Amino acid sequence: MKRGKCARSWKPLQGAVVAMAIDPTSTLLATGSSSGIKVWDCVRHYCTHNLRPSGGLVGLLTFHPDPAHLTLFSSTAADTSIKVWDLKSSRCVSVMRGHVSAVTSVAFSKDQRFMISGGRDKVLHVWRLPHYSLHKTLPVFEAVEGLVILPESGESRRSGKKGPVDSLTVATAGDKGVIRVWDMVTGTMSHSLDPLPRPQSTSHQLGMTKEKDGEGEGEEEVPQVYTDLQFSGSRGELVGVTYDHSIIFYDVATFTRQKQLLGYCDEILDMRFLGGPAPRLAVATNSEQVKVLARGGSLDWQLLHGHSRVVLSIDAFVPPPPLRPLLVSSSKDHTVRVWGEEEEGSDGRSSEFICKGVGSGHTEAVGAVAFGRMSGSFVVSGSQDCTIKLWSLKPLSKWNKGEQPVKLPTKYTQLAHDKDINAMDVSPNDKLMVTGSQDKTAKLWNVSDGGLVGVLRGHRRGIWSVQFSPVDQCVLTASADTTLKLWAVNDCSCIKTFEGHTMSVLKAVFITRGMQIASSGSDGLVKIWNVRTNECVTTLDQHTEKVWSIASSEDGNWLASGGADSLICLWKDVTEKVVAEEQEARDRQILQEQELSNYLQQRDFVQAVGVAINLDQPFRVYTILSEVLDDGGEDGVFKDTLSALRPDQINSVLRYLTKWNMNAKYSKVAQTVLSYILRTHTLEQLMSYGDLHSILEGLIPYTERHFQRLSRLLQLSMFVDYTWQCMKLPDQPSAVSTTTSTALGAGLSKEPGKTSTEESFFGGAVSDVTVAAADSTTLDEGDLFVEDRAPDTELHLEHTTDSAGCEKSESEEVTDTEDSSGIEDSSVCHQGGEEQSDIQSGSDTIVVGEGKREVGESKRGRIKQKVKRQQFAKRGKEKEVGEEEEEEVEEEGLSRCRISRRGRLLQRRSLQRKMKLSGSRKHRTLIHT
């Protein structure tokens, strides 16, 4: 009950639960329906007993007041007896017979020696316990719906009598609407409260009983005005429940009414404020009574009885103090009633409304009514008979308290519309009145003689609401075509149209001194409109069904709405308060921004982070923490900054981390801060800071993603280190071994002892070098001729004979389209007969793969040097460079050349220069790659 939530629900029986009872220990619950009785354990949540009484619907269940006696009393509608069930054995131990009609209520004396039962047979029975025998019968002359035993009076307690029925005072309530107090000793009625007004119609009666009169003339329906009666010992009050779900509280000491609550309002059809500082409402619901909320906001309602059918419309006239407000109501009973407020009510209230006048004359239901605004001296009404009437209120001055309502005279009757009249209103100066009808028009009338002034046409469907502006000469109408229109009184032209509702607009009123409009419709929404801009300022969504009525207080601070969902919503205008709070928040934010700037200027990061969190600026917090990390790392100021945060600020930081961690750019700071918080706070502390579960749900996926990204980056960095180590050139090239040379072409022969193979990393590619020794002389460092070629490079050796009889060999290099700067063709003259025999006549081609080195003869090297000198001479760029300087430059160039084609070109040029420098030496070596 403290939290207002359902703790446990059961599926009790097949059928509606009609009766319930709870034992004195509040551990057992008994439920009764048409299929039997079930007893439930409220602690362990299971059914303990399943009892099957005969007689149909179970209407009464009561536990014995002594917890030691596990006894349950029950009665059914068809069976007039009371059955006693022993819950220990689950058996019926006794049947108490005596009533001739349904038993509705039972009560136990304080000493538990007697039990009193009452029923619709209009008698009370006194039973002795534990013999369950009938001791006494008392007639009460009305069907008893509820009875309670009142506490002992002061005289009985002082006398100390212990007679059989001494000091038994019983209060009963029944179908006559009267609560009576009976003295069981004398069998007489000691007190009787004022009767409730009996309902004028039976359209909303919940329960009906049938009885035969003494002469047997037939059956008549008797309404059950009171349906239940309870006693509150702690408050000393009797609580009666009426047929229309109202709850009435009576003081036991004085037997006066204290308060009346509305249990169910049904549809709210119309409402009006009655003035006063507190919200005080008059409400017309789907019933015959007009309900008025008393002063003080205590939820004490007064029900105005008088109409015989449903009240459709009400209006109020609130004069300045000390005059009392007036209330007028119209109903389906074709009448209009005027109610006035009196100072002292007959039921002990400070004030109450009493019917002072009745106007009758309409032939159909009266759906609209309105007071004169200036003096309240007349009332106008509109009916479904398409006529309007003006009623004079002058006879009310002759009415005296306690008299019957006076009859109101009619000044004139006018046929106004072709269909039902739904709404009426009177101008602030009492000169004009406006009516709205289902014939899609609104009409202006002269109040003095009822003459037609103008017709407002423009709506496509019926008009449900009309009202004059309190400040301008215009009229507001609301229609079923989902629009509101503002009309000029002078020329009956439409000034503005308000569109926004999706269904019929049922009510519209001016608020805030005519500057705004409040409207309600069948869509269940209440909308506030700005008159100047035609814009909807706000929408109030609280109702679940159509909103029939809205009302505004005179000062404009309160707005009430009511509809078909039986809800009355009170709305308070808090515009000034909200504006003041917003201004205060802006001022406070400016001061905190200045404080933050000062702390950053002073490099006081501990205070700066706290101010940034209070301002709810995640990016500023990130900037400060990032700067602290860049300056001093994770020690020092960083730890001091985070350790100074309050628990609520740590919760804010954790929420910021979930956003920072989503971006790899901010993940470093996020992971660093998260690591510190997890290391310095326990799990219990983190759980107390906020919703840790949702924070972890946002952190874990992106943290795993960052970990995988960093793992891949680490692997790639290790591969780069490995590749760099493999790409480094050795300090000095060395020969590995001298082996037998392998012929590179079909025409080359093998010469044992002249070749060797050397493997090395050169520009990221592996090269095999074959070295041939001439005259058993080893090669110097500068004698190595290495030519690196692209994968698609081919070397062609062509042999020709010149005019002198010497063979000529042209070396032609064919490359791909990307590298056209190969070595130029040159003619090589072979002068040795032995060499000429080794090379076949014709065109011989040697294909060199990637990473191979070509070893040439010494003559070929000399000719290449000669060709290079000629090329440098033509360009004019030949320079004398020393041997040591050339070697340093070429070694530096080789280190910059990796695997690119430009690097290979630089390598070839470097080797050619080396061959040029070594050309003057005595022993030359031919190297084939």
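Since the structure is predicted, the reported quantities are computational estimates derived from the model, not experimental observations.

A.B. asks: Would you explain the overall build of the chain in this entry?
C.D. replies: For the chain, the helix and strand inventory stands at 13 helices and 58 strands. The 929 residues of the chain split such that 46% are buried. Working note: accessible area of the chain is about 48800 Å², and carbon and sulfur atoms make up 50% of it.

A.B. asks: Just checking my understanding: could you explain the UniProt feature "repeat: WD" (unreviewed entry) in the chain for this structure?
C.D. replies: Within the UniProt annotation, "repeat: WD" (unreviewed entry) is assigned to residues 51-95, 96-129, 359-394, 414-455, 456-497, 498-539 and 540-581. End C-alpha atoms of residues 96-129 are separated by 11 Å, and the span's content is 0% helix alongside 56% strand.

A.B. asks: What is the right way to look at the side chain of Asp333 in this model?
C.D. replies: Residue placement: Asp333 occurs in the loop between strand 28 (326-331) and strand 29 (335-342). Despite its burial, Asp333 pairs with no opposite charge, the nearest such side chain being Arg337 at 5.1 Å. A distance of 3.1 Å separates a polar atom in the side chain of Asp333 from a polar atom in the side chain of His307. There is a polar contact of 3.2 Å between the side chain of Asp333 and the backbone nitrogen of Ser308. When near neighbours in sequence (up to four residues on either side) are disregarded, Asp333 contacts His307, Ser308 and Arg309.

A.B. asks: Hey, could you run me through the nonpolar core in this one?
C.D. replies: Side chains that are nonpolar tend, in soluble globular proteins, to be buried together. Counting residues in each nonpolar core, the largest one holds 34 residues, and the members touching the most others are Val621, Ile624, Leu625, Leu654, Leu657, Trp660 and Val673. Where this core is concerned, the elements lending two or more residues are helix 3 (605-614), helix 4 (618-632), helix 5 (637-643), helix 6 (647-660), helix 7 (667-680), helix 8 (683-689) and helix 9 (692-727). The contacts of Leu654, once residues within four sequence positions are left out, are Leu674, Ile677, Leu686 and Ile695.

A.B. asks: I keep staring at the environment of Phe378 and nothing clicks. Help me out?
C.D. replies: Considering the arrangement of structural elements, one finds Phe378 in strand 32 (residues 378-383). Under the relative-accessibility criterion, Phe378 is labelled buried at 9%. Separated by 14 residues in sequence, Phe378 and Ser392 have C-alpha atoms that sit 4.6 Å apart. Setting aside residues no more than four positions away along its own chain, Phe378 makes contact with Ala370, Phe371, Gly372, Leu390, Trp391, Leu393, Val426, Asp430 and Val447.

A.B. asks: Got a minute to help me understand the sheet that holds strand 14 (residues 169-174) in this structure?
C.D. replies: Through backbone hydrogen bonds, the strands of a sheet pair up, either in parallel or in antiparallel fashion. In spatial order, the strands read 13-14-15-16; together these four strands make up an open sheet with antiparallel pairing. Two strands lie at the open edges of the sheet, namely strand 13 (144-150) and strand 16 (188-192), each paired on one side alone. If you compare each strand with its neighbour and ignore which way they point, the axes differ by 30 degrees on average. Direction of pairing for strand 15 (residues 179-183) relative to strand 16: antiparallel, over a ladder of four bridges. Its bridge partner lying in strand 16, Trp182 is registered against Met189.

A.B. asks: Where do I start with helix 9 in this structure?
C.D. replies: Three- or four-residue spacings in an α-helix give side chains the same orientation, since the helix completes a turn every 3.6 residues. With 36 residues, helix 9 extends 52 Å between its outermost C-alpha atoms, agreeing within 8% with the 52 Å of an ideal straight helix rising 1.5 Å per residue. Residues of helix 9 that are buried: Leu692, Ile695, Gly698, Leu699 and His706. Looking at the buried positions of helix 9, the neighbouring elements they touch are helix 6, helix 7 and helix 8.

A.B. asks: Help me out: how do you make sense of the pattern of salt bridges in this one?
C.D. replies: As a working rule, side chains carrying opposite charge can pair if their charged atoms are close by. In the structure shown here, the tally under the stated rule is 17 salt bridges. As a salt-bridge pair, Glu142 and Arg180 come within 2.7 Å of each other at their nearest N and O atoms. Of the two residues, Glu142 is situated in the loop between strand 12 (133-139) and strand 13 and Arg180 in strand 15; the sequence distance between them amounts to 38 residues. One exposure class covers both Glu142 and Arg180, and it is buried.

A.B. asks: Please explain a positive patch on the surface as it appears in this structure.
C.D. replies: On the surface, Lys419, Lys440, Arg460 and Arg461 cluster together into a positively charged patch. Mapping Arg460 onto the fold places it in the loop between strand 39 (452-457) and strand 40 (463-468). On the basis of relative accessibility, which here comes to 57%, the residue Arg460 falls in the exposed class.

A.B. asks: Is there a simple way to think about the environment of Asn598 in this case?
C.D. replies: With respect to the helices and strands, Asn598 occurs in helix 2 (residues 575-601). Overall, the relative accessible area of 36% leaves Asn598 in the partly exposed class. Along the chain, Asn598 and Ala608 lie ten residues apart, while their C-alpha atoms are 8.5 Å from each other.

A.B. asks: Sorry if this is basic, but what is going on with the confidence of the model for the chain here?
C.D. replies: Any residue range with low pLDDT should be treated as having predicted coordinates unsuitable for detailed reading. Mean pLDDT over the chain: 77, with 73% of residues reaching 70 or higher. Note on residues 732-856: pLDDT is under 50 here. Beyond four places in sequence and across chains, it has 239 contacts. Segment residues 920-929: pLDDT under 50, and 42 contacts once partners within four positions in sequence are set aside and those in other chains are kept.

A.B. asks: Looking at this model, I keep getting lost on helix 4. Mind explaining?
C.D. replies: If you check helix 4, its first and last C-alpha atoms are 21 Å apart, about what 15 residues at 1.5 Å a residue would give, namely 21 Å. Of the positions making up helix 4, those classed as buried are Val621, Tyr622, Ile624, Leu625, Ser626, Val628 and Leu629. If you follow the buried residues of helix 4, they end up packed against helix 2, helix 3, helix 5, helix 6 and helix 7.

The rules behind the values
- Residues numbered from 1 in each chain as written.
- Predicted model: local features only at pLDDT ≥ 70, side-chain atom pairs only at ≥ 80, totals over all residues.
- Heavy atoms only, no water.
- Helix = DSSP H or I, 4+ residues; strand = E, 2+ residues; numbered from the N terminus.
- Buried < 20%, exposed > 50% of the residue type's maximum accessible area, 1.4 Å probe, protein only.
- Areas by Shrake-Rupley, 256 points an atom, 1.4 Å probe, with all protein chains shown as cover.
- UniProt positions renumbered as here; feature names shortened; annotations may be inferred.
- Lys, Arg positive; Asp, Glu negative; His and termini not counted.
- Salt bridge = Lys/Arg side-chain N within 4 Å of Asp/Glu carboxyl O.
- Polar contact = N/O pair within 3.5 Å; in protein donor to acceptor, adjacent residues only side chain to side chain.
- Contact = heavy atoms within 4.5 Å.
- Core = buried A, V, L, I, M, F, W, Y, C linked by side-chain atoms within 4.5 Å.
- Pairing = 2+ DSSP bridges.
- Axes fitted to C-alpha atoms, helices over the stretch in contact; angles between N-to-C directions.
- Expected span 1.5 Å × (residues − 1).
- Patch = residues over 30% accessible without salt bridge, like charges linked within 9 Å, V, L, I, M, F, W, Y side chains within 5 Å.
- Charge placed at Lys NZ, Arg CZ, Asp CG, Glu CD.
- pLDDT = per-residue confidence, 0-100.

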